[in-house]
2 protein chains.
Amino acid sequence: MTRRRQSEGVVWEQEALTRDRRQELLGHRGATVWLTGLPASGKSTVAAKLVVALAERGVNAYRLDGDNLRHGLCGDLGFDHASREENVRRAAETGRLMADAGLVAVVSLVSPYAAGRGAARCLHEDAGLPFVEVWVSTPLEECERRDPKGLYARARRGEVAHMTGVGDPYEAPESAEIEVGTDTPADAAVELVLTALAERGVLER
Amino acid sequence: MTRRRQSEGVVWEQEALTRDRRQELLGHRGATVWLTGLPASGKSTVAAKLVVALAERGVNAYRLDGDNLRHGLCGDLGFDHASREENVRRAAETGRLMADAGLVAVVSLVSPYAAGRGAARCLHEDAGLPFVEVWVSTPLEECERRDPKGLYARARRGEVAHMTGVGDPYEAPESAEIEVGTDTPADAAVELVLTALAERGVLER
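Here the structure is a predicted model, which means the values were calculated and not measured.

**Quick word on the interface of chain A and chain B**
Chain A puts 36 residues into the contact, and the matching count from chain B is 36 residues. Summing both sides of the interface, chain A and chain B together bury roughly 3200 Å²; the carbon and sulfur share of this comes to 58%. In terms of surface lost to chain B, no three residues of chain A exceed Glu56, Tyr62 and Leu97 of chain A, which account for 20% of the buried area on that side. In this structure, the connection of chain A to chain B is made through two salt bridges. Between chain A and chain B we count 14 residue pairs in polar contact (both at pLDDT 80 or more) in total. Counting only elements with at least two residues in the side of chain A that touches chain B, the list comes to α1 (19–26), α2 (43–56), β4 (61–65), α3 (66–73) and α4 (81–100) of chain A. In terms of residue count, the dominant contributor to the side of chain A that touches chain B is α4 of chain A (nine residues).

Have a look at this one:
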């Protein structure tokens, strides 16, 4: 097998790109950050700021959220229990692939069931990829007060079935790495996640 | 909104990371390269070499193939017509997400039906993302002669249902950007793909 030396000083001794070599090239590991919480709890705000903060630090990060999954990869799914679990499963698998590719996947999904979130964590841990669960714990009353899409109001009128917090349960995480309460501004939440990623070797401290 | 100037000279004027800003940061666009062909035609060999060649050029690329999809994201699917189309659909959606994230997704899938491949192309073109279809056109006789996994032999004995080329049809592409025949060595095929990616602004020429 030929060895090719490139201007970057990277020497390839085999044809396949291993995770180690990819990491060497990118200068960091991949990971998945999993934001869970009620609708309108503030997950997307934290996710968007986190992706920018990581980009500023030279780490390519990408959001996987309801919008870009439900309109594509998960467009065939409904909102019943089985469909929601499948939605979470596919998000977890996609996050794992992205993390394996060296990105920080920022999953922002209600993901109301502990089982699905636990499976997402196992999937990453089994693959040797960091997984940071962030519980955006804004209480129901506050989420319902915000209600930017009017979903809670519609659910209360019986127009939306399976609305988490109204018709469907939200199982609060028991072992999330980070809890983001209403008293934690989004920028402070981002700092907490960056610290957790640094502790896992995804970012330099 | 505060403006933060970083050492890279990148100025963030908004909280969300647009595709343009991401591209600026990475120094290149994302894209999907779609390798289609019979089982044992040589898709994986080209895919593996392509990922390394892109990495050597500073472009993060990632393989999406039967192995990493069927054991995860598509692990719930069988091999009947509908399942195979769904497999291709999910690979296309995942490729689109990765391409949007600035990676070069290298999809290596038999993807025997023209409709599924056409849908994958549309998905990317609608999103303004380059899509390069590569037909690895090794003839059936040669694939069957290689048969590294013994799948053709098993299919001929009736032990494998829905085997493309034996029990199931392969619809040859009519508008693939690149055809890789048996007379094209894998390294030459990689060069053809790199040229196509350069023409689409994914790589510098």
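**Some words on the pattern of salt bridges**
In a structure, side chains of opposite charge can pair up when their charged atoms sit close to one another. As enumerated under the stated definition, the model contains 42 salt bridges over all chains in all. Between Arg63 of chain A and Asp65 of chain A there is a salt bridge, with its nearest N and O atoms 2.6 Å apart. According to the relative accessible area criterion, Asp65 of chain A is buried, its value standing at 7%. A salt bridge links Arg89 of chain B to Glu93 of chain B; its shortest N-O distance comes to 4.0 Å. Separated by four residues within a single helix, Arg89 of chain B and Glu93 of chain B lie in helix α4 (residues 81–100), roughly one turn from each other. Each of the salt bridges in this network shares a partner with another, and the network as a whole consists of Asp76, Glu86, Arg89, Arg90, Glu93 and Arg96 of chain A together with Asp76, Glu86, Arg89, Arg90, Glu93 and Arg96 of chain B.

**What to know about the side chain of Asp147 of chain A**
All names here are of chain A. Tracing the backbone through its elements, the reader meets Asp147 in the loop between α6 (140–146) and α7 (151–156). This buried residue, Asp147, is left without a salt bridge; Arg157 holds the nearest opposite charge, at 7.5 Å. From its side chain, Asp147 meets the backbone nitrogen of Tyr152 in a polar contact 2.9 Å long.

**Structural notes on unusual backbone geometry**
Residues and elements named next belong to chain B. Even without being a glycine, Ala40 presents a positive backbone phi close to 70°. Classification of Ala40 as partly exposed rests on a relative accessible area of 25%. Phi angles above zero are rare outside glycine, and Asp147 is one such case at about 35°. The class of Asp147 is buried, set by a relative accessible area of 15%.

**Structural notes on helix α3 (residues 66–73) of chain B**
Where α3 of chain B is concerned, the buried positions are Asn68, Leu69, Arg70, Gly72 and Leu73 of chain B. Looking at the buried positions of α3 of chain B, the neighbouring elements they touch are α3 and α4 of chain A together with β4 (61–65) and α4 of chain B.

**Section: helix α2 (residues 43–56) of chain B**
All names here are of chain B. Compared with the 20 Å implied by 1.5 Å per residue over 14 residues, the 20 Å span of α2 between its first and last C-alpha is a close match. Within α2, 12 of the 14 residues are buried, which leaves the element mostly enclosed by the surrounding structure. Within the span of α2, buried status applies to Lys43, Val46, Ala47, Ala48, Lys49, Leu50, Val51, Val52, Ala53, Leu54, Ala55 and Glu56. Taken from the residues just after α2, Gly58 is the one with a positive phi, measuring 80°.

Basis of the calculations
- Residues numbered from 1 in each chain as written.
- Chains lettered and ligands numbered in written order.
- Predicted model: local features only at pLDDT ≥ 70, side-chain atom pairs only at ≥ 80, totals over all residues.
- Heavy atoms only, no water.
- Contact = heavy atoms within 4.5 Å.
- Buried area = accessible area lost by both parts, 1.4 Å probe.
- Salt bridge = Lys/Arg side-chain N within 4 Å of Asp/Glu carboxyl O.
- Polar contact = N/O pair within 3.5 Å; in protein donor to acceptor, adjacent residues only side chain to side chain.
- Helix = DSSP H or I, 4+ residues; strand = E, 2+ residues; numbered from the N terminus.
- Buried < 20%, exposed > 50% of the residue type's maximum accessible area, 1.4 Å probe, protein only.
- Lys, Arg positive; Asp, Glu negative; His and termini not counted.
- Expected span 1.5 Å × (residues − 1).

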